[in-house]
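Here's the letter readout for the chains.
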Amino acid sequence: MKKHNFNAGPCILPDVALENTAKAVVDLDGTGLSVLTISHRSKEFDAIIEETKALWRELLNIPENYHILFLGGGASLQFCMVPYNLLQKKAAYLDTGTWASKAIKEAKLFGEVEVVASSSDKNYSYIPKGFNIPTDADYFHITTNNTIYGTEIKEDIDCPVTLVADMSSDIMSRPVDIKKYGLIYGGAQKNVGPAGVTFVIIREDILGKVERQIPTMLNYKTHIDKGSMFNTPPCGAIYTMRETLKWLKGIGGVEKINELNKKKAELLYNAIDNSKMFVGTAEKDSRSIMNVCFVMKPDYKEKEAEFLEFAKNAGMVGIKGHRSVGGFRASIYNALPIESVQALVDCMKEFEKQNA
Ligand SMILES: *Cc1c(COP(=O)(O)O)cnc(C)c1O
């Protein structure tokens, strides 16, 4: 049976990216070597990493004064690399969920942290508004898409200090005005590739302002100077990322995918809003177009496990909500076809018909 992959991450990737990776793992473009066994210093791999960077630059319209890095350690290592490299006295953070809280925890190891606003009072079901960003902060950190709670900051905010964003789960889902940011980072495994590679888009002039010593591997300068080749990069993951970005370019880029993403989200949110059994957990104006979180209404609470089983039998994968929210979460990333969203909607309607 065809599976509909709603996993939150690692998540669905375009079929063509997987097929091309499978070929390259066996034989990279007729070289007689695998993408997993060629040297990262070879001209073949050099061409792969350069093309991947060029695709990033083209798709997100990244200006020349920004560097694009491919690192290890996941977004989680960026939680510490960001303050290590940028926090001299004080940093400001917006607390919109689990990942934001983890970033805040790391930053506190390096200096004063001002949490300008938090939505923890309502289990992170909304994006706070009307907060003040202190102008004496070294930077302001946001999490644009809260993967666990299904909320999203969908605009590029104006910020009086250097803006740093964790875009792990909505990168490449919409056009981004890169100029408004000093640094953008994320794990690739939500929208741009497999786990194992972390992207960092960085404007170099934000560096060099802290006085502390920074270990070589944790210093952005190291990776900028060596073009992400200070140590062995995750070659296979970068290859699949390139294929994923080629697919995205081929279908029309981030503007086009944003239209499709909005259609998919609208289809699912409409079904939830018109349902007798299901209800969304995020406030409407904060809703994510990547992760759709919903639960059973109180009258049907005891049916949750039954629906999960019903959905599983209909080919749905990965719709169990994160344990901190409960209920259901459908991650509808770039590569998920609208047909899968329709299949989930049909499944919800059928279950409702049988049970409500
Ligand atoms: C998944 C996720 C992370 C953690 O990413 P890792 O690559 O596993 O470290 C951080 N932030 C957000 C928003 C995420 O969705």
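Conventions we followed
- Residues numbered from 1 in each chain as written.
- Predicted model: local features only at pLDDT ≥ 70, side-chain atom pairs only at ≥ 80, totals over all residues.
- Heavy atoms only, no water.
- UniProt positions renumbered as here; feature names shortened; annotations may be inferred.
- Helix = DSSP H or I, 4+ residues; strand = E, 2+ residues; numbered from the N terminus.
- Contact = heavy atoms within 4.5 Å.
- Buried < 20%, exposed > 50% of the residue type's maximum accessible area, 1.4 Å probe, protein only.
- Patch = residues over 30% accessible without salt bridge, like charges linked within 9 Å, V, L, I, M, F, W, Y side chains within 5 Å.
- Areas by Shrake-Rupley, 256 points an atom, 1.4 Å probe, with all protein chains shown as cover.
- Salt bridge = Lys/Arg side-chain N within 4 Å of Asp/Glu carboxyl O.
- Expected span 1.5 Å × (residues − 1).
- Near = heavy atom within 4 Å.
- Polar contact = N/O pair within 3.5 Å; in protein donor to acceptor, adjacent residues only side chain to side chain.
- Nonpolar A, V, L, I, M, F, W, Y, C, P; charged D, E, K, R; others polar.

Undergrad: Lay out the UniProt feature "binding site: pyridoxal 5'-phosphate" (unreviewed entry) in the chain in plain terms, naming residues and giving numbers.
TA: UniProt records the feature "binding site: pyridoxal 5'-phosphate" (unreviewed entry) at Ala75, Ser76, Trp99, Thr147, Asp166, Gln189, Asn231 and Thr232, using the numbering of this structure. Across 158 residues in sequence, these annotated residues place their C-alpha atoms as far as 30.1 Å from one another, rather than forming a single compact spot. Counting through the fold element by element, Trp99 comes out in helix H4 (residues 98–107). If we skip the residues at most four places from it in the chain, Trp99 touches Ser76, Phe79, Thr147, Ile148 and Asp166. Note that Asp166 resides in strand S8 (residues 162–166). Residue class for Asp166 comes out buried when judged on its relative accessible area of 3%.

Undergrad: Outline a nonpolar patch on the surface, supporting the account with residue identities and numerical values.
TA: Residues Val25, Val26 and Leu36 make up a contiguous nonpolar surface patch of about 280 Å² in total accessible area. Tracing the backbone through its elements, the reader meets Val26 in helix H1 (residues 15–26). Taking the relative accessible area as the measure of exposure, Val26 reaches 66% and is therefore exposed.

Undergrad: Describe helix H9 (residues 338–355), with residues and values.
TA: Its 18 residues place the ends of H9 26 Å apart at the C-alpha level, agreeing with the 26 Å of an ideal helix rising 1.5 Å per residue. By the burial criterion, the buried members of H9 are Ser340, Val341, Ala343, Leu344, Val345, Cys347, Met348, Phe351, Glu352 and Asn355.

Undergrad: Can you explain the pattern of salt bridges? Please cite residues and give values.
TA: According to the stated counting rule, one finds 22 salt bridges in the structure shown. Note that Glu204 is salt-bridged to Lys221, the shortest N-O span being 3.9 Å. With Glu204 in the loop between strand S10 (198–203) and helix H5 (220–225) and Lys221 in helix H5, this pair connects stretches of sequence that are 17 residues apart. Assessed through its relative accessible area of 29%, Glu204 is described here as partly exposed. A relative accessible area of 36% places Lys221 in the partly exposed class. Residue Lys256 is joined to Glu259 by a salt bridge in which the shortest nitrogen-to-oxygen separation is 3.8 Å. Of this pair, Lys256 and Glu259 both sit in helix H7 (residues 253–273), separated by three residues, roughly a single helical turn.

Undergrad: Tell me what's going on with the site of the ligand, and back it up with residues and numbers.
TA: Taken together, 14 residues are adjacent to the ligand, and Ser76, Thr147, Asp166, Gln189 and Lys190 come closest. Taking Ser76, its side chain carries an N or O atom lying 2.6 Å from an oxygen atom of the ligand. Between a nitrogen atom of the ligand and a side-chain N or O atom of Asp166, the distance comes to 2.6 Å. Here the ligand has 390 Å² of accessible area as a free molecule, and 87% of this is covered by the chains. The element best represented in the shell around the ligand is helix H3 (residues 74–86), accounting for four residues. Its residues assigned to classes, the shell around the ligand comprises three nonpolar, nine polar and two charged.

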